[in-house]
Protein chains: 2
Amino acid sequence: MSKPLLQIALDSTTLEKAVADAKQAESSVDIIECGTILACAEGMKAVSVLRALHPQHILVCDLKTTDAGTVLAKMAFEAGADWLTVSAAAHPATKAGCKKVADDFNAANPDLNVKKEIQIELYGNWTLEDAESWLESGIKQVIYHRSRDAELAGKGWTEEDLELMKRLSALGMEISITGGIVPEDIHLFKEIKNAKAFIAGRALVGEKGRQTAAAIRDKINEYWN
Amino acid sequence: MSKPLLQIALDSTTLEKAVADAKQAESSVDIIECGTILACAEGMKAVSVLRALHPQHILVCDLKTTDAGTVLAKMAFEAGADWLTVSAAAHPATKAGCKKVADDFNAANPDLNVKKEIQIELYGNWTLEDAESWLESGIKQVIYHRSRDAELAGKGWTEEDLELMKRLSALGMEISITGGIVPEDIHLFKEIKNAKAFIAGRALVGEKGRQTAAAIRDKINEYWN
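All figures in this text were calculated on a predicted structure; none of them were measured in a lab.

1. Some details on the packing of helix α4 (residues 69-78) of chain B against helix α5 (residues 92-108) of chain B
Residues and elements named next belong to chain B. The geometry of α4 relative to α5 is characterised by a closest axis approach of 8 Å and an angle of 35° between their N-to-C directions. Remark: the crossing between α4 and α5 carries right-handed chirality. Within the contact between the two elements, α4 uses Gly69, Thr70, Ala73, Lys74, Phe77 and Glu78 and α5 uses Thr94, Gly97, Cys98, Val101, Ala102 and Phe105. Of the residues in the contact of α4 with α5, the class split is six nonpolar, four polar and two charged.

Okay, structure coming up:
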């Protein structure tokens, strides 16, 4: 198993703030995410500008795609995103549409360093059987989180969260984990073999963010080795 | 009961196309929607430009909000949207956050012709009990649709769809209906007392779209009178 990566979610409401935050964080993260807030505020220009500024990073476009999968996936991949988020609540045809766009893009560009991929965001009511069906369709990644609003409401990581992540991992799913990630919580996830990335937003911004990133890396190196 | 309104969903990938389509449709629709595709492509500028061009129309921002409700609702309402869509799959705290932003906006602007409102988009697994809880929290609108991708996959309106809409209506929910709406299908919905609006996209674009709009209005006048 490989070590979990570190991902910054850029969720500012202006492109200016986002590019400044990304510039400060680029040496401390593996993955840069155009967050939902930024994408809704600035559109696909946010993705294409981040792609131009950070050609070596994995770039995620967090649209939480819920419908119109083919159009949105084309837009995001053409703007330069490597991975696109799709809501678990989307119709299976929407997920399949996104997956097909990614597959077609990969087939047309066999030399891509990072293959285009779909990440299912686990919102709403979903089951492990759903996850199995996603795997069968070739989708290998999910994002598990406390919602930002649940986090703000003070809802912490529960035993149920951790058990579900372990079971997703056992199925073979790669899991990115987000929702108020702090260094002191990394140990909670040490039994999740397929932890793909830890995602944080404001916690990774600025000089203090670089220190937090280093602290998270230390914990990752301690538990995944 | 009032007659259902007619709503055009602008889902082009450029603002130029969207404003041209809106201009052609403005005399034949009551509600203009900045669709998800347009919002993701162009950001909130699409909403603010449509607001400037169409000050008398109800303006919907279709973000299918799934998280970060407070920030996204502020962005959408400040850009000029009257109604904001929120995914049924969103955490209750996200829905509550959006609702509070709308309520605060309405309280601060008592003279608004159109009150800021939240519309729950019925994606994923939801129940009538969920709908009751939304009503209890003061959310009065839902959007019921065949997903665009389900529609493309040839999935038609089913008895189950219609029965669910009737039950939502009986609860007191106002229901906007979308997904390949054509004049010949309007009769299917005649028993849905609280039909708030019929939403269509490309079907309402251009000169042919005006004819389609007129044909839908004729059917509305036939069945809701």
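2. Looking at the interface of chain A and chain B
Each partner contributes residues to the interface: chain A has 31 residues there, and chain B has 31 residues. Buried area between chain A and chain B, summed over both chains or domains, comes out near 2,600 Å², and the portion from carbon and sulfur atoms is 64%. Run the count over chain A and chain B and you get zero salt bridges. Linking chain A to chain B there are nine residue pairs in polar contact (both at pLDDT 80 or more). Elements supplying a minimum of two residues to the side of chain A that touches chain B: α2 (36-42), β3 (58-65), α4 (69-79), α5 (92-108) and α7 (148-152) of chain A. Take the side of chain A that touches chain B: its biggest share by element is six residues, from α2 of chain A. When grouped by side-chain class, the residues that make up the side of chain A that touches chain B number 14 nonpolar, eleven polar and six charged.

3. Considerations on helix α6 (residues 128-136) of chain B
All names here are of chain B. Where α6 is concerned, the buried positions are Leu128, Ala131 and Trp134. End-on view of α6: buried residues confined to an arc of 110°, all on one side of the axis. Away from its buried face, by an angle of more than 90 degrees, α6 presents the exposed residues Glu129 and Glu136. Where the residues of α6 are buried, they touch α5, β5 (117-121), β6 (141-145) and α8 (159-171). Gly138 lies just past α6 and shows a positive phi near 95°.

4. Things to note about unusual backbone geometry
All names here are of chain B. Of note in this structure, Lys64 is not a glycine but carries a positive phi near 45°. Positionally, Lys64 belongs in strand β3 (residues 58-65). Judged by its relative accessible area of 9%, Lys64 falls in the buried class. Notably, Ala68 is not glycine yet its phi reads approximately 55°, a positive angle.

5. Let's talk about the sheet that holds strand β8 (residues 195-200) of chain A
To summarise the sheet geometry, strands pair through backbone hydrogen bonds and adopt either a parallel or an antiparallel arrangement. All names here are of chain A. Sheet architecture is closed into a barrel: eight strands sit in the order β1-β2-β3-β4-β5-β6-β7-β8, paired in parallel fashion. Within this sheet the neighbouring strands show an average axis-to-axis angle of 30°, counted without direction. Of the strand pairs in this sheet, strand β1 (residues 5-10) and β8 are connected by four bridges, and their pairing is parallel. By the bridge assignment for β8, Ile8 is matched with Ala200.

Reading the values: rules and limits
Throughout, a residue's number is its position along its own chain's written sequence, starting from 1. Written order decides the labels, with chains lettered from A and ligands numbered from 1. At least 70 in pLDDT is required for a residue's local features to be given in this predicted model, at least 80 for side-chain atom pairs to be given and counted, and no such filter applies to totals for whole chains, interfaces and linings, which use all residues. Calculation of side-chain values draws on the structure's entire complement of heavy atoms; hydrogens and water are dropped beforehand. The axes used here are C-alpha line fits, helices contributing only the stretch in contact, and every angle between their N-to-C directions lies in the interval 0 to 180 degrees. Strands are runs of DSSP state E lasting at least two residues, helices are runs of H or I lasting at least four, and both sets are numbered from the N terminus onward. Here is the rule for handedness: rotate from the far helix to the near one, and if that takes an anticlockwise turn smaller than a right angle the crossing is left-handed, while a clockwise turn gives right-handed. Pairs of residues are marked as contacts when any of their non-hydrogen atoms sit within 4.5 Å. Throughout this entry, Asp, Glu, Lys and Arg are counted as charged residues, while Ala, Val, Leu, Ile, Met, Phe, Trp, Tyr, Cys and Pro are counted as nonpolar. The remaining residues, Gly among them, count as polar. Computed with a 1.4 Å rolling probe, the buried area is the accessible surface lost when two parts are put together, summed over both parts. Should a side-chain nitrogen of Lys or Arg be within 4 Å of a carboxyl oxygen of Asp or Glu, the pair is scored as a salt bridge. Whenever a nitrogen or oxygen atom comes within 3.5 Å of another N or O atom, the pair is scored as a polar contact, on the condition that within protein one atom can donate a hydrogen and the other can accept it, and that pairs from neighbouring residues in sequence are kept only if both atoms are in side chains. We call a residue buried when its accessible area falls under 20% of the maximum for its residue type, exposed when it is over 50%, and partly exposed in between, using a 1.4 Å probe and counting protein chains only. Directions pointing from the helix axis toward each C-beta atom define the arc. Any two strands between which DSSP finds at least two bridges are classified as paired.

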